[in-house]
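So you can see what is in the structure, the chains are spelled out below.
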Amino acid sequence: MQQTNTIPDIISNYITKNELLSPQATIIVGFSGGADSVMLLHYLHTHGYNCIAAHCNFSLRGAESIRDYQFAKEFTQKHNIPFLSIVFNTLQYASEQKLSIEMACRELRYNWFEKLRLQYQAEAIAVAHHKNDSIETFFLNLIRGTGINGLTGIKSRNGYIVRPLLCIGRNEILYYIKSEKLSYITDSTNEETIYTRNKIRLEIIPLLQSINPAYANCISRTMENLRQTELVYNEAIAEQEKKLVKESDEKHYLSIPELLSLSYPETFLYEWLKKYGFSPLICQQIFITTKSEISGQIFYSEKYRVIKDRTSVILSRKSHKDISLTTIEKYQKQITAPLHLTFEYIENSHSFQINPDKNWAYFDTRDLNYPLIIRHWETGDSFTPFGMNGKKKISDYFSDHKYSLIEKENAYLLCSGDDIIWLIGERSSNKYRITKETKEILIVKKH
């Protein structure tokens with residue numbers, strides 16, 4: 001254990017080495033009232049920085065959230081630090097944005113911090129991640145499957161977000177708090193193993209520590225080595241991108257023959273497309289299509305789309321039409337907007353029974369192109385209704401079934417690539433029907 005009076009020096013040296021903060025800068029400090037944020041706020045405040053404590057109530061823990069707010073307010077009043085707080089409806093936000101609770105909290109918190117930074121013209125947003133958090137992130141990314149970037153731990157700086165405590169661990173934080181006679185609160189959910197990160201902290205880390213008490217320093221050195229390796233790796237990817245990717249008319253063209261000539265084509269494709277918001281799964285699906293003769297397949301991220309042409313992978317921004325799309329990844333379980341749909345994948349069996357309700361649809365997954373897409377119908381759209389062989393225009397289907405104007409305006413389509421597979425709540429496509437050869441079935445229910 002370092003001596004008490006050396007811990008502030010370690011942090012000061014880390015801030016200077018990584019150019020995180022200017023002397024006497026105004027800083028927005030994320031302040032939950034837990035041990036980590038208490039130490040961070042106290043250190044910055046006592047070292048001459050102009051701190052503004054920002055406290056979030058995510059409305060998830062009832063009376064405990066109120067306790068946290070009271071503690072945070074009283075702590076900042078005692079130390080004469082400006083205090084700001086906000087209450088979020090996290091559950092509603094998570095539902096609307098189709099996010100996990102953890103990701104919703106993250107977005108709400110950092111979006112608010114950034115607004116405060118601009119409002120108060122602060123130099124940075126300081127958060128209290130420390131060495132143990134970085135190690136947990138290493139393992140979290142490792143078990144999820146990640147590129148080299150995910151194995152380098154948490155970065156000391158990400159834009160305006162800085163992390164001055166990454167140079168010390170949890171034990172040093174508690175030692176500092178004890179020596180400074182500071183109080184703090186404990187979030188009861190930190191002891192629950194329902195969250196993956198908590199399982200790593202409470203179950204895996206103690207096991208590693210029993211094997212090697214110096215595990216934290218060893219893993220930290222490994223992450224630092226990987227950071228250096230990442231620099232070389234990124235330079236190589238950037239050099240190949242300059243050679244392979246051509247730009248014309250606001251589109252980026254990647255030659256498929258040149259891509260496949262690389263010794264690491266799938267890795268290059270992923271590193272190129274991840275900057276534009278494409279997930280590893282989607283990148284993998286795009287790569288598979290590069291070995292196929294089929295062209296015209298379309299893949300979407302939040303702001304971009306990729307079209308697999310005969311000889312090129314074409315990247316462009318979404319059109320206004322594309323922006324209104326909702327995408328569904330394979331094995332995603334539900335969406336709540338613009339419609340509430342649930343998705344279930346099962347194996348085909350003799351005991352399987354089809355529900356004739358129009359709000360249920362069943363598809364053979366073999367030829368589905370992910371992500372699936374939900375969009376409004378457009379003039380010229382056509383599909384092959386279940387039980388038919390020929391195509392029928394959606395507009396003619398509406399006329400035949402006497403759709404009102406409002407019903408037409410509220411009609412949504414579920415699509416696989418350019419194929420309409422379901423006029424939602426009405427008729428599915430015959431092309432993707434279940435047969436005796438079907439091995440996996442996608443069941444979609446409109447609620």
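Definitions and limits used
Residues numbered from 1 in each chain as written. Predicted model: local features only at pLDDT ≥ 70, side-chain atom pairs only at ≥ 80, totals over all residues. Heavy atoms only, no water. Pairing = 2+ DSSP bridges. Helix = DSSP H or I, 4+ residues; strand = E, 2+ residues; numbered from the N terminus. Buried < 20%, exposed > 50% of the residue type's maximum accessible area, 1.4 Å probe, protein only. Right-handed = clockwise from strand over helix to strand, strands pointing away. Contact = heavy atoms within 4.5 Å. UniProt positions renumbered as here; feature names shortened; annotations may be inferred. Axes fitted to C-alpha atoms, helices over the stretch in contact; angles between N-to-C directions. Parallel < 35°, antiparallel > 145°, perpendicular 65-115°, else oblique. Nonpolar A, V, L, I, M, F, W, Y, C, P; charged D, E, K, R; others polar. Salt bridge = Lys/Arg side-chain N within 4 Å of Asp/Glu carboxyl O. Expected span 1.5 Å × (residues − 1). Core = buried A, V, L, I, M, F, W, Y, C linked by side-chain atoms within 4.5 Å.

Engineer: Mind showing me how you'd approach the sheet that holds strand S20 (residues 419-423) here?
Structural biologist: In sheet architecture, strand pairing relies on hydrogen bonds along the backbone and comes in two forms, parallel and antiparallel. Strand order in the open sheet made by the five strands is S12-S16-S19-S20-S21, with antiparallel pairing throughout. The open sheet has two edge strands, strand S12 (326-328) and strand S21 (427-428), and neither has a second partner.

Engineer: Even after reading the chapter, I still don't get the pairing of strand S1 (residues 26-30), so can you show me in this structure?
Structural biologist: Side-chain positions along a regular strand alternate between the two faces of the sheet. Across the five residues that make up S1, a large majority, four, are buried. Sheet analysis places S1 next to strand S2 (residues 50-57), joined by five bridges and oriented parallel. Opposite Gly30, over in S2, you have Ala54 as the bridge partner. For the segment spanning S1, helix H2 (residues 35-46) and S2, crossover handedness is right-handed. As paired elements, S1 and strand S4 (residues 124-126) share three bridges and run parallel to each other. If you follow Ile27 over to S4, its bridge partner there is Ala124.

Engineer: What should I look at first to understand the side chain of Ser316 in this one?
Structural biologist: Here Ser316 shows up in strand S11 (residues 312-317). Overall, Ser316 belongs to the buried group, its relative accessible area being 8%. The residues contacting Ser316, other than those within four sequence positions of it, are Glu250, Lys251, Tyr304 and Arg305.

Engineer: Hey, could you run me through the UniProt feature "binding site: ATP" (unreviewed entry) in the chain in this one?
Structural biologist: Following the UniProt record, the feature "binding site: ATP" (unreviewed entry) maps to Ser32, Gly33, Gly34, Ala35, Asp36 and Ser37 here. Relative to the elements of secondary structure, Gly33 occurs in the loop between S1 and H2. Residue classification places Gly33 among the buried residues on the basis of a relative accessible area of 0%. Beyond its immediate stretch of four places on either side in the chain, Gly33 contacts Val38, Phe71, Tyr184 and Ile185. Turning to its location among the elements, Gly34 is positioned in the loop between S1 and H2. Relative accessible area serves as the criterion here: at 16%, Gly34 is assigned to the buried category. Ignoring any residue separated from it by four or fewer positions in sequence, one finds Gly34 in contact with Tyr184 and Ile185.

Engineer: I would appreciate a short explanation of the packing of helix H9 (residues 215-244) against helix H11 (residues 265-273) in the present structure.
Structural biologist: Two quantities define a packed helix pair, namely the angle between the axes and the distance from one axis to the other. In contact at an axis separation of 10 Å, H9 and H11 are set at 90° when each is read in the N-to-C sense. Between H9 and H11, the angle is such that the two are roughly perpendicular. The segment H9 lies against H11, with Tyr233, Ile237, Gln240, Glu241 and Leu244 engaging Thr267, Phe268, Glu271 and Trp272. Along the lines of polarity and charge, the residues of the contact of H9 with H11 split into five nonpolar, two polar and two charged.

Engineer: What exactly am I supposed to notice about the pairing of S2 here?
Structural biologist: Where burial is concerned, most of S2 is hidden: seven out of the eight residues are buried. Bridge count for S2 against strand S3 (residues 83-87) is five bridges, and the pairing is parallel. The residue bridging Cys56 from the neighbouring strand is Ile86, located in S3. Note on the crossover from S2 through helix H3 (residues 63-78) to S3: the handedness is right-handed.

Engineer: Even after reading the chapter, I still don't get the pattern of salt bridges, so can you show me in this structure?
Structural biologist: A pair can form between side chains of opposite charge whenever their charged atoms are brought close. Applying the stated criterion across every chain, the model contains 16 salt bridges. One salt bridge connects Glu271 with Lys274, and the closest N-O pair in it is separated by 2.9 Å. The class of Glu271 is buried, set by a relative accessible area of 6%. Taking the relative accessible area as the measure of exposure, Lys274 reaches 31% and is therefore partly exposed. Residue Asp400 is joined to Lys392 by a salt bridge in which the shortest nitrogen-to-oxygen separation is 2.7 Å. For Lys392, a relative accessible area of 22% translates into the label partly exposed.

Engineer: Help me understand helix H5 (residues 101-119), please; the structure alone is not making it clear to me.
Structural biologist: Side chains of residues three or four places apart in an α-helix project in the same direction, reflecting 3.6 residues per turn. Look at H5: 27 Å from first C-alpha to last across 19 residues, which is about the 27 Å you get at 1.5 Å a residue. Every buried residue of H5 is listed here: Ala104, Cys105, Leu108, Tyr110, Trp112, Phe113, Leu116 and Arg117. Here the buried face of H5 lies against S1, S2, S3, helix H4 (90-97), S4 and strand S6 (161-162). A positive phi of about 50° marks Gln121, the residue just after H5.

Engineer: Even after reading the chapter, I still don't get the nonpolar core, so can you show me in this structure?
Structural biologist: In a soluble, globular protein the nonpolar side chains are often hidden away together inside. Counting residues in hydrophobic clusters, the biggest one holds 38 residues, and the most contacted among them are Ile11, Leu21, Met39 and Leu44. Contributions of two or more residues to this core are made by helix H1 (7-17), S1, H2, S2, H3, S4 and helix H7 (170-179). For this core, the element with the highest residue contribution is H2, accounting for seven residues. In this structure Ile11 touches Met39, Tyr43, Pro164, Leu165, Cys167 and Ile168, once residues within four positions along its chain are discounted. Of all hydrophobic cores here, the second largest spans 22 residues; its members include Ile237, Leu244, Cys283 and Phe287.

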